[in-house]
Amino acid sequence: MTSSNTDCHYCLQSLRGRKYALREENAYCVSCYDSLFANPCEECKQPIECDSKDLAYKGRHWHERCFKCTKCRRSLVEKPFAAKDELLLCTECYSDEYSSKCFHCQKTIMPGSRKMEFKGSSWHESCFVCQYCRQPLGTKPLITKDNENYCVPCFEKQFAHHCYSCKKVITSGGVTYHDQPWHKECFVCAGCKTQLSGQRFISKDEYPYCVDCFSKLYAKKCAACKKPITALGGPKFISFEERQWHGECFNCAKCSVSLVGQGFLTRQDDVLCHECGSA
């Protein structure tokens, strides 16, 4: 501004015909104004005169000519920029130095663009999609297979097993029986419906049974103790004329000596050693 009728508020010299600057309604000659109020430039450390543009960022000031990227020295005037450790960088230099790389395309995720975080990796929002239907996953539930991400419906269509019993998708765990997948809660005894996952069971006509049910329904009874004879009770049993015994139960009815591997005689329903049978 040029004055015609006032004096400098500081040095009191006439401002008539001279340039001056106003501050809080007071007029100052250029020299006084610069010495009193001009901000020092962060780059060149010289005062930013009143006839120069003062660019400010977070309480710091620069000449327009000094407002440049610290790394490539290109002007940042009216351009997007980022700050790191109080250094100003253009978006390209900042990305090269500090920005994340997209896990999918390996390109830089530029500052200000939206990125997705998943399992410690970063993704462009446009790259974070279902591998099958290519729809954005965003924050939807997803399943990862072979480093590829799938929305739940697509994963079930492509990879999931269906339970042999209820026909529904097995999303985790499961049991394989006769080469067929089952939910753990669906794999139950055909007799009492007790869950068999992690338990001993016996197969009969392609159906699984708990030991108790199988014994009640199918196991032969020992002629001596009347208890079921199962493979789980021991590997040896004796069969004679449509009767069976546990190996430990096949004893002489009179003296109780074991008859396993020995000759024996029968008397009505009893089995006897030769000595007791001949007496």
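Since the structure is predicted, the reported quantities are computational estimates derived from the model, not experimental observations.

Rules used throughout
Residues numbered from 1 in each chain as written. Predicted model: local features only at pLDDT ≥ 70, side-chain atom pairs only at ≥ 80, totals over all residues. Heavy atoms only, no water. Helix = DSSP H or I, 4+ residues; strand = E, 2+ residues; numbered from the N terminus. Buried < 20%, exposed > 50% of the residue type's maximum accessible area, 1.4 Å probe, protein only. Contact = heavy atoms within 4.5 Å. Areas by Shrake-Rupley, 256 points an atom, 1.4 Å probe, with all protein chains shown as cover. Polar contact = N/O pair within 3.5 Å; in protein donor to acceptor, adjacent residues only side chain to side chain.

(A) Just the overall build of the protein, in detail. On a plain count of helices and strands, the protein comes out with five helices and 22 strands. Dimensions of the protein, computed from C-alpha atoms along their principal axes, come out at roughly 155 × 40 × 35 Å. Scored against the burial criterion, the 279 residues of the protein give a buried share of 32%. Across the protein, every contact between residues at least 6 apart in sequence was considered, and the portion connecting residues at least 24 apart equals 11%. A total accessible area of about 18700 Å² is found for the protein, and carbon and sulfur atoms account for 47% of it.

(B) Summary view of helix H1 (residues 30–37). Three or more residues of H1 are buried, namely Cys32, Tyr33 and Asp34. Elements that come into contact with the buried residues of H1 comprise strand S1 (20–23) and strand S2 (26–29).

(C) The arrangement of the side chain of Gln244 in detail. Position of Gln244 among the secondary structure elements: in strand S20 (residues 243–246). Residue Gln244 is classed as buried on the basis of its relative accessible area of 11%. A distance of 3.4 Å separates a polar atom in the side chain of Gln244 from a polar atom in the side chain of Ser239. If sequence neighbours within four positions are ignored, Gln244 has contacts with Lys220, Lys221, Cys222, Ala223, Ile229, Phe237, Ile238 and Ser239.

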